[in-house]
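For reference, the chains in residue letters:
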Amino acid sequence: MRSEGGNKMEKRQPKGLAEVWRKFLVALKRRPQTIPLCALVITFLFYSLNLMYISDTTAKIQGAGMGLCGFCTMLFSMLSFMCFINAFPYRKPVVVPMLILMFVMFAIVAGSDVLYLRAIYAAVSRADNPIVVTTNTIYIAYAEWYLRIHLMLLGITTVLIALLPVYSKMLRKIKTSIDVDDNGEMAAIDISGEA
């Protein structure tokens, strides 16, 4: 790269994976809320992609409120995305009411999962005509397992959001600038302005 005075300046550009990693860190430093947003997306996708087992379990057990619990989990998971995006606008302070509303929605989702799990336990352990989990009804065990994992993912997402101020400061301390070297001619540039 040639400067106006005819001198050459050389940049040491990172290449390959190092440059990709540097750009990734720069993007994270600018928007650290991307980390909990990715966790929220993973949590929602995990529940959505395993919804078939939960729907089959609801149809088989037909416990009180099971359908409503599944509906609340889906609805408030989607609405929490909107709250998250509005709570963390780009280059603006956090919108606290949206953040509080998002945590309320997380609590509703977690409560719905817990109530659904209780309905499963009540159906398989009742003394009067219990639901037996066999190879034909193995989806009940899958639904219970996936709901437990969904609760853990939701907890991880909540912790990542709560600790965002902590690790965003740590991310800012990571050096991502590129060092610029000269070829020894920088001292020869006349900056006095005299012709």
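Our subject is the structure listed above.
Residues numbered from 1 in each chain as written. Predicted model: local features only at pLDDT ≥ 70, side-chain atom pairs only at ≥ 80, totals over all residues. Heavy atoms only, no water.

Engineer: Give a detailed account of the packing of aromatic side chains, specifying residues and quantitative values.
Structural biologist: Two numbers describe a pair of aromatic rings. These are the distance of the centres and the angle of the planes. In total, this model carries seven aromatic pairs according to the counting rule given. Judged by centre distance (5.4 Å) and plane angle (90°), the rings of F44 and F81 are edge-to-face. Placement of the pair is F44 in helix 2 (residues 34-49) and F81 in helix 4 (residues 66-87), with a sequence separation of 37 residues. Both residues of the pair, F44 and F81, belong to the buried class. When the centroid spacing of 6.1 Å and the interplanar angle of 80° are considered together, the rings of F103 and F106 count as edge-to-face. Taken as a pair, F103 and F106 lie in helix 5 (residues 96-125) at a separation of three residues, close to a single helical turn. Take F103: its relative accessible area is 28%, and that puts it in the partly exposed class. The buried category is assigned to F106, whose relative accessible area is 4%. Taken together, the ring pairs connect F46, Y53, Y142 and Y146 into an aromatic cluster. (Phe/Tyr/Trp six-rings, centres within 6.5 Å; stacked < 30°, edge-to-face > 60°. Helix = DSSP H or I, 4+ residues; strand = E, 2+ residues; numbered from the N terminus. Buried < 20%, exposed > 50% of the residue type's maximum accessible area, 1.4 Å probe, protein only.)

Engineer: Just give me the short version of the state of the cysteines, but keep the residues and values in it.
Structural biologist: Applying the stated criterion across every chain, the model contains zero disulfides. The closest cysteine sulfur to the non-disulfide-bonded C69 is located on C72, 6.6 Å from its own sulfur. Accessibility expressed as a relative area gives 10% for C69, which makes it buried. Judged by its relative accessible area of 17%, C72 is buried. (Disulfide = S-S within 2.5 Å.)

Engineer: Could you give me a rundown of the packing of helix 2 against helix 6 (residues 138-162), with the residues and numbers involved?
Structural biologist: The contact between helix 2 and helix 6 brings their axes to 9 Å, and the two run at 165°. With respect to helix 6, the element helix 2 is oriented roughly antiparallel. At the point where helix 2 passes helix 6, the crossing takes the left-handed sense. Judged by residue contacts, I35, P36, A39, L40, T43, F46 and Y47 of helix 2 engage Y146, L147, I149, H150, L153, L154, T157, L160 and I161 from helix 6. (Axes fitted to C-alpha atoms, helices over the stretch in contact; angles between N-to-C directions. Parallel < 35°, antiparallel > 145°, perpendicular 65-115°, else oblique. Left-handed = near helix turned anticlockwise from the far one by under 90°. Contact = heavy atoms within 4.5 Å.)

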